[in-house]
Amino acid sequence: MTHTFIGKSIPRLDAADKVQGTALYPGDFILPNQVYMKILFARRNHALITKIDTSWAEREEGVIAVFTAKDVPVNEYGLIMNDQPVLCGPGSGKKYADRVRFIGDQVALVVAESEEIASKACKLIRVDYEDLPAIYNPLEAMNEGAPLLHPDRDSNVFCRYRIRKGNVESGFQQADVIIESEYHTPAQEHAYLQPEAGISYLDEEGRITVIVAGQWTHEDQEQIAHALNLPVDQIRVIYPAIGGAFGGREDMSVQIVLALAAWKLNQKRINRPIKIVWSREESIIGHHKRHPFTIHAKWGATREGKLTAAEINMVADGGGYAYTSTKVLGNATVTCTGPYEIPNVKTDSYAVYTNNIPTGAFRGFGGPQAAFAAEMQMDKLARAIGMDPVEFRMRNVIHEGSILSVGTPLPAGVSMPEVLKTCAIKAGWENTADGWKRKDEKDPKLIPSHIRRGKGIACSFKNVGFSFGAPEQCTATIELYGQDHIEKVILYHSGADVGQGAHTVFTQAAAEELGVPISKIQIVTSDTAYTPPSGSSSASRMTFMGLSSVRGAAKLALEKWQQKERPAKAIYQYRPPKTTPMDPETGKSEPNFAYGYVAQAVELEVDVETGLIKINSVISVDDVGKAVNPQQVQGQIEGAVVQAAGYSILEKFIQIEGEVQTRNLSTYLIPTVLDIPNKVESVILEYPDPVGPWGARGMAEMPFLPLAPAIIDAVHDAIGIWFDDFPLTPERILKGLGVLGSQ
């Protein structure tokens, strides 16, 4: 079927404003008579606050107000569970809110005439701490008798999942080869361009209004309302341009404290906008990171190349608070056996409190950690039985009707075999009479003796949408104006555009369904005063869910238009097929309603003298169902590959006993133009999802998932050494080669 707007590379709606510098991000807002806020961070890993003296700060000229825990009506928040104080310290009604659990806990707020005065006043606040025993290793934090971060709980383990499928003992008895390894994945900093920032004020209707960057306006609104003990309709949240997110803006940063300050000043009859902009260091210590995982994996296979059993134990470092750890852990638990049919599976997974910086959502949401372990096991098993790694994967890969480890079939539309096949052929494999084999390759270029070349391949799959029975919906409103024909369309949608181009594809969907040019569509976005709830821009869901809601609203509005309603207005809530939570003993569930499938191949060079890795090419094959805007899809693939390359070989987030050593982008190194792969070949496949809008699946996370194991497979191909942890910095490579000592 041909489409007018779907499948076309329509220019992004925000492209001109961003290129010309006229797009306003939260830190760009300057309102008349505004004041400035700074936050006093704990800078302690685990301590009881016995006293806070703000008198010296309050006397400082230019200081308007100082707020502490006693000023917060309901001193708690959390996306999954309310385990974190808004402000730590004595005087609030929240039990155990008088303690800090990581260095970025917020203790006090200073509002002043300038940022400089607010910063100076923060240093004048006297806080009496009584240090508590701290713990930084999640494995040690699980032990009986370990210091409890949350005394109202009986353990630092705050989430656990189990999967029991078949009989693993019997499965291992059937195996000819068993591979057992322990893998460690690192933390990762989101490093979005716009640090946390925002401005708050009371709008013309008396609502506490917060302009901020986030991923879920209505969730921000609800958490603010809860902490201030106010009705939700007294809170307004607006997202302007958002300078990147990658999951890092799912949880609270400045939203609640901005609203609190505006509300408290109003009670003092001071109605002035309040602005805050975090420094890069404040951003790095103040918001969550990707979860470090410890994964113990034991897998078995026959000489004929069939998997027989997998036993996995996973421990995720949750840091001081839960954030989205329970959901990240669930996703990792489902995907840690990879996109493969394994008849016997035993999985135990844990999320654990420590005094490290909290961990939460990050592109892939537990998938990269799980895929790393699964793909490493597949590569090691393939070599142990003497089988080509592509052939081994093909003999075990999931397909239509496959049963997941959780005991239920995959949703229809499984394209993993086609994705893997396409990637293998593109990367130089061929399907022979004896199975898949890598072609003999002779490089005509002479390379120096200290350079080793290698090729690796890996694959994975990623859920689309909220999982395990979490309430899932997305709502859109459309208004049609005109007389004989539609002259103007107004689309209202809360879906956050965090850089992925969501607002552009929303207009494409509306134009396609209504049969009007995009120029006639005006879009109102991410303002809780006008736009209906959409859910978050996360879980690769916004194209799938957002377009479904827009399409539904457009259909209803068009029906009303055809019935002569003027203007024709329609609101539509889309609900996808249901999912179910995991059984606590067996894990049996219907975890997701849709998936996306990806395979990647990497060619690289290793300099055995310096340890440097140079990625020459990445082939990324992604089944996106339908590329609604192919240029944007390609951009997402390339961006994910670069970000995943940084995760794999460059980005080393260092905490020593909870103290961050890499507090700026001069010490926490992300890829520059000189560090990215020389070539990224984006291969976009379109096997329609049966329930996706125009067949579309979500795709923004998929290209991140298998790159780390593909790189490490290629490094093994080059130098013959397996690395069970990363990033593969030059130091780690040289230690692996025995050039440097292990200490």
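Residues numbered from 1 in each chain as written. Predicted model: local features only at pLDDT ≥ 70, side-chain atom pairs only at ≥ 80, totals over all residues. Heavy atoms only, no water.

Student: Looking at this model, I keep getting lost on the packing of helix 10 (residues 367-384) against helix 16 (residues 707-719). Mind explaining?
Tutor: Packed helices, taken two at a time, are described by the angle between their axes plus the distance between the axes. Direction vectors running N to C along helix 10 and helix 16 enclose 30 degrees, while the axes themselves pass 8 Å from each other. As summarised for this structure, helix 10 and helix 16 are arranged roughly parallel, according to the angle between their axes. Crossing geometry of helix 10 relative to helix 16 is assigned as right-handed. Contacts from Ala-371, Phe-372, Glu-375, Met-376, Asp-379 and Arg-383 in helix 10 reach Ala-708, Pro-709, Ile-712, Asp-713 and His-716 in helix 16. Of the residues that constitute the contact of helix 10 with helix 16, the class distribution is six nonpolar, one polar and four charged. (Axes fitted to C-alpha atoms, helices over the stretch in contact; angles between N-to-C directions. Helix = DSSP H or I, 4+ residues; strand = E, 2+ residues; numbered from the N terminus. Parallel < 35°, antiparallel > 145°, perpendicular 65-115°, else oblique. Left-handed = near helix turned anticlockwise from the far one by under 90°. Contact = heavy atoms within 4.5 Å. Nonpolar A, V, L, I, M, F, W, Y, C, P; charged D, E, K, R; others polar.)

Student: Would you mind going over the sheet that holds strand 22 (residues 568-574) with me for this structure?
Tutor: Strand pairing in a sheet relies on backbone hydrogen bonds. The paired strands run either parallel or antiparallel. On the basis of which strands lie adjacent, the open sheet formed by four strands has the order 21-20-19-22 and mixed pairing. With one partner strand each, in any of the chains shown, strand 21 (521-525) and strand 22 form the two edges of the open sheet. For this sheet the average axis-to-axis angle between neighbouring strands, irrespective of direction, equals 15 degrees. In this sheet, strand 22 lies alongside strand 19 (residues 474-482) in antiparallel orientation, the contact comprising seven bridges. Residue pairing for strand 22: Glu-479 is matched across the bridge by Lys-569. Along the sheet, helix 13 (residues 502-514) contacts strand 19, strand 20 (486-493) and strand 21; its crossing angle with strand 21, the most-contacted strand, is approximately 135 degrees. (Pairing = 2+ DSSP bridges.)

Student: Looking at this structure, I do not really get the layout of surface pockets. What am I missing?
Tutor: Remark: the empty space left among the atoms is shown by a probe the size of a water molecule rolled over them. By volume, the second largest pocket is sized at about 710 Å³. In terms of lining residues, the second largest pocket is bounded by 24 residues, among which His-184, Thr-185, Pro-186, Ala-187 and Pro-292 are the most central. Listing elements by their share of the lining of the second largest pocket, those giving two or more residues are helix 4 (138-141), strand 8 (177-185), strand 13 (293-301) and strand 14 (307-319). Split into classes, the residues belonging to the lining of the second largest pocket amount to 12 nonpolar, seven polar and five charged. (1 Å grid on protein atoms, 1.4 Å probe; cavity = no way out; pocket = protein on both sides within 12 Å on 5 of 7 lines; lining within 4 Å. Points joined across faces, edges and corners; volume = space filled by probe spheres on them.)

Student: What should I look at first to understand the pattern of salt bridges in this one?
Tutor: When charged atoms on two side chains of opposite charge get close, those side chains can pair. In total, this model carries 42 salt bridges according to the counting rule given. For Glu-603, the salt bridge goes to Lys-455, with nearest N and O atoms at 3.4 Å. Pair noted here: Glu-603 is in strand 23 (residues 595-607) and Lys-455 is in strand 18 (residues 451-463), with a separation of 148 residues, a long-range link. Exposure remark for Glu-603: the relative accessible area of 34% places this residue in the partly exposed category. (Salt bridge = Lys/Arg side-chain N within 4 Å of Asp/Glu carboxyl O. Buried < 20%, exposed > 50% of the residue type's maximum accessible area, 1.4 Å probe, protein only.)

Student: Looking at this structure, how should I read the sheet that holds strand 4 (residues 99-100)?
Tutor: A sheet is described by the order of its strands in space; here three strands give the open sequence 4-2-6, paired in antiparallel fashion. In this open sheet, the two edge strands, each paired with only one partner strand, are strand 4 and strand 6 (126-131). Direction of pairing for strand 2 (residues 47-53) relative to strand 4: antiparallel, over a ladder of two bridges. Across the sheet, residue Ala-47 finds its bridge partner in strand 4, namely Val-100.

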